[in-house]
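Tertiary structure, described
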Amino acid sequence: MIHKNIYWFYEKKIPERICDEIIDFFKNKKKIKANIGGSDKVVPEVRKSSVVFDGENLWIDALIDPFIAEANQLANWNFDIDYPETHQFTEYKKNQHYDWHTDSFDVPFDTPNHYKNNKIRKLSMSLCLSDENTYAGGELLFSTTSNSNETKILNIKNMNKKGSLVVFPSHTWHKVTPITKGTRHSLVIWYLGNPYR
């Protein structure tokens, strides 16, 4: 798919105190090493960070969902989406990163009797929870190919500002560059829908 808008960006839209509350909620929960491709496989060369999953905080969905709906419309994606997956809290420390990847998979989820069954990831959201002065590196980059097959790397200016969030189609290639100083916290949520027709 080719989209005019690769992402839709909101600068410092979530209050800093709310970002702190999200960090406080997740930081004492058990973290696991991040895996790749929805499997249990940990590949540090591709992805190195710690994550916590939690879907019990409906107030987070109530906070983020309006931005998803608005971005879906204003970016002219107009995807048919149903509901979000479990929230992913991510902690990147020095030298940790996530190489080029997409959030979507080749086939719909095969999880009978589960809300994700036969759904696919259509929209992704990443929220910066950390103060930009507490870490360095950890840039969120996007890759896009133009009509001339030229690959462009896009860096969102001010995405590192606390409370900034970006929404993008889940099939978009993106990466997080290595952290060079400090710790970066983010919240990621994926929004599901029926497969494209």
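Residues numbered from 1 in each chain as written. Predicted model: local features only at pLDDT ≥ 70, side-chain atom pairs only at ≥ 80, totals over all residues. Heavy atoms only, no water.

As for the packing of aromatic side chains
Tallied over the entire structure, the rule returns 9 aromatic pairs. Between the aromatic rings of Tyr 7 and Phe 142, the centroid separation amounts to 5.3 Å while the plane-to-plane angle is 25°, which identifies the pairing as stacked. Taken as a pair, Tyr 7 in the segment before β1 (8–10) and Phe 142 in strand β9 (residues 140–145) lie far apart in primary sequence, 135 residues in all. Taking the relative accessible area as the measure of exposure, Tyr 7 reaches 24% and is therefore partly exposed. Among the residues examined, Phe 142 registers a relative accessible area of 0% and is labelled buried. The interplanar angle of 70° and the centroid separation of 5.6 Å between the aromatic rings of Tyr 83 and Tyr 115 together place this pair among those described as edge-to-face. In this pair, Tyr 83 sits in the loop between α2 (58–74) and β5 (87–92) while Tyr 115 sits in the loop between β6 (97–101) and β7 (120–128), placing the two residues 32 residues apart along the sequence. Put simply, the rings of Tyr 7, Phe 142 and Phe 168 pair up and form one aromatic cluster. In this structure, Lys 116 is placed above the aromatic ring of Phe 109, and the distance from its NZ or CZ to the ring centre is 4.3 Å. (Phe/Tyr/Trp six-rings, centres within 6.5 Å; stacked < 30°, edge-to-face > 60°. Helix = DSSP H or I, 4+ residues; strand = E, 2+ residues; numbered from the N terminus. Buried < 20%, exposed > 50% of the residue type's maximum accessible area, 1.4 Å probe, protein only. Lys NZ or Arg CZ within 6 Å of the ring centre and 35° of its normal.)

Topic: the packing of helix α1 (residues 16–27) against α2
Running from N to C, α1 and α2 point in directions that differ by 145°, and their axes come no closer than 12 Å. Viewed along their axes, α1 and α2 form a crossing whose handedness is left-handed. Along the contact surface, α1 presents Ile 18, Glu 21, Ile 22 and Phe 26, while α2 presents Trp 59, Ile 60 and Leu 63. For the contact of α1 with α2, the per-class residue count stands at 6 nonpolar, no polar and 1 charged. (Axes fitted to C-alpha atoms, helices over the stretch in contact; angles between N-to-C directions. Left-handed = near helix turned anticlockwise from the far one by under 90°. Contact = heavy atoms within 4.5 Å. Nonpolar A, V, L, I, M, F, W, Y, C, P; charged D, E, K, R; others polar.)

Description of the pairing of strand β4 (residues 50–54)
Looking along a regular strand, one sees the side chains alternate between the two faces of the sheet. Within β4, 4 of the 5 residues are buried, which leaves it mostly tucked inside the rest of the structure. Two strands pair when backbone bridges link them, and strand β2 (residues 32–33) and β4 are joined in this way by 2 bridges, in the antiparallel orientation. The residue bridging Lys 33 from the neighbouring strand is Ser 50, located in β4. (Pairing = 2+ DSSP bridges.)

Overview of a nonpolar patch on the surface
On the surface, a cluster of nonpolar side chains totalling about 310 Å² of accessible area is made up of Trp 100, Ile 153 and Trp 173. Position of Trp 173 among the secondary structure elements: in strand β12 (residues 173–176). (Patch = residues over 30% accessible without salt bridge, like charges linked within 9 Å, V, L, I, M, F, W, Y side chains within 5 Å. Areas by Shrake-Rupley, 256 points an atom, 1.4 Å probe, with all protein chains shown as cover. Salt bridge = Lys/Arg side-chain N within 4 Å of Asp/Glu carboxyl O.)

Re the pattern of salt bridges
One side chain can pair with another of opposite charge once the charged atoms of both are near each other. What the rule picks out here adds up to 10 salt bridges. When the shortest N-O distance is used, the salt bridge between Glu 21 and Arg 17 registers 3.8 Å. One end of the pair is Glu 21 and the other is Arg 17, both in helix α1 and 4 residues apart, which spans about a single turn. When its relative accessible area of 56% is taken as the criterion, Arg 17 is described as exposed. Across the pair Lys 116 and Glu 85 runs a salt bridge whose closest N-O atoms are separated by 3.3 Å. Taken together, the residues span a long stretch of sequence, with Lys 116 in the loop between β6 and β7 and Glu 85 in the loop between α2 and β5 at a distance of 31 residues.

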